[in-house]
Amino acid sequence: MSTEGKGRVMTTHKLLEMKRSGEKIAMLTAYDYTSAKIVNEAGIDIILVGDSAANVMAGHETTLPITIEQMIYHAQSVMRAVKNPLVVVDMPFGTYQGNSKAALSNAIRIMKESEADAVKMEGGMEIIESVERILSAGIPVMGHLGLTPQSIHKFGTYAVRARENEEAEKLVQDAIALENAGCFALVLEKIPASLGERVAKTLQIPVIGIGAGKHVDGQVLVMHDMLGLTNQFSPRFLRRYANLYDSYLDAFKQYVSDVKGNDFPNENEQY
Ligand code: KIV
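Read on for an overview of the structure. (Residues numbered from 1 in each chain as written. Predicted model: local features only at pLDDT ≥ 70, side-chain atom pairs only at ≥ 80, totals over all residues. Heavy atoms only, no water.)

Now for the site of the ligand. Around the ligand sit Thr29, Leu48, Gly50, Asp51, Ser52, Asp90, Lys120, His144, Glu189, Ile210 and Val222, and those are all the residues in its vicinity. For the ligand, an oxygen atom lies 2.5 Å from a polar atom in the side chain of Ser52. Separating an oxygen atom of the ligand from a side-chain N or O atom of Asp90 is a distance of 3.0 Å. Contact with the protein chains removes 96% of the 260 Å² of surface that the ligand exposes when unbound. Tallied by class, residues from the shell around the ligand come to three nonpolar, four polar and four charged. (Near = heavy atom within 4 Å. Polar contact = N/O pair within 3.5 Å; in protein donor to acceptor, adjacent residues only side chain to side chain. Areas by Shrake-Rupley, 256 points an atom, 1.4 Å probe, with all protein chains shown as cover. Nonpolar A, V, L, I, M, F, W, Y, C, P; charged D, E, K, R; others polar.)

Now for the pattern of salt bridges. Per the stated rule, a full pass over the model turns up nine salt bridges. For Arg198, the salt bridge identified is with Glu169, shortest N-O distance 3.0 Å. With Arg198 in helix H9 (residues 193-202) and Glu169 in helix H8 (residues 165-181), this pair connects stretches of sequence that are 29 residues apart. According to the relative accessible area criterion, Arg198 is partly exposed, its value standing at 35%. Glu197 is paired through a salt bridge with Lys201; the nearest N and O atoms lie 2.9 Å apart. Taken together, the residues Glu197 and Lys201, both in helix H9 and four residues apart, mark about one turn of the helix. Overall, Glu197 belongs to the partly exposed group, its relative accessible area being 24%. It is possible to trace a salt-bridge network through shared partners that takes in Glu69, Arg109 and Glu113. (Salt bridge = Lys/Arg side-chain N within 4 Å of Asp/Glu carboxyl O. Helix = DSSP H or I, 4+ residues; strand = E, 2+ residues; numbered from the N terminus. Buried < 20%, exposed > 50% of the residue type's maximum accessible area, 1.4 Å probe, protein only.)

Here it is in structure tokens:
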């Protein structure tokens, strides 16, 4: 599935070329206009409007409660900001599992109302009928295997997935099935690096890792985590590029102190 020629700089076809030429793919989440604008300027290849918005934007413990309306709202905000990257929107929990017709109409709704470029779905063979039906409407689909947070109540833990041979083999078969169905890329979350490497070598489509080691075709992080805004969350795979929690806190404290001390506004900050 190619998105070439539709005006955006990054396309699914270019992502495929990047894999072939060995150029790594950089992907980040974004959920709002202001930060998406900065991410766009930074030269990111893919923006994921992730259902991690349920956690980092809305404060839920899991990704399950976020609704399709909320995902569309986040995606619309991001779309107003970006020109270059491919924008992928997570299909929220309950919008594609078990009913492929409902899955298609939900995917169409996301594409129509947000004007994003693609959707992402968690799971392998269990959801293949929904994946195929959505692809048949010309909607590019990114797969997501390994730790799939929408299944947290089945897993019972956010620990590394597919350490055991049986689960690893199922993951490889699921990855092949998603590629054969026509997915343009695959996210692998929190699995052994050796398995990430094996899947990336097996598939023709780009494999983007989050805690899947360095031998995959690209990396994705949740923006709030890499910026150090979520200072309680420290998985091994997370590299922090800033410590914004402390920067925000210092700024807010200074503001409170300036207002209370009648230091803000000063003569030059009034009309
Ligand atoms: O929702 C999300 O942010 C994701 C990433 C962790 C890949 O799915």
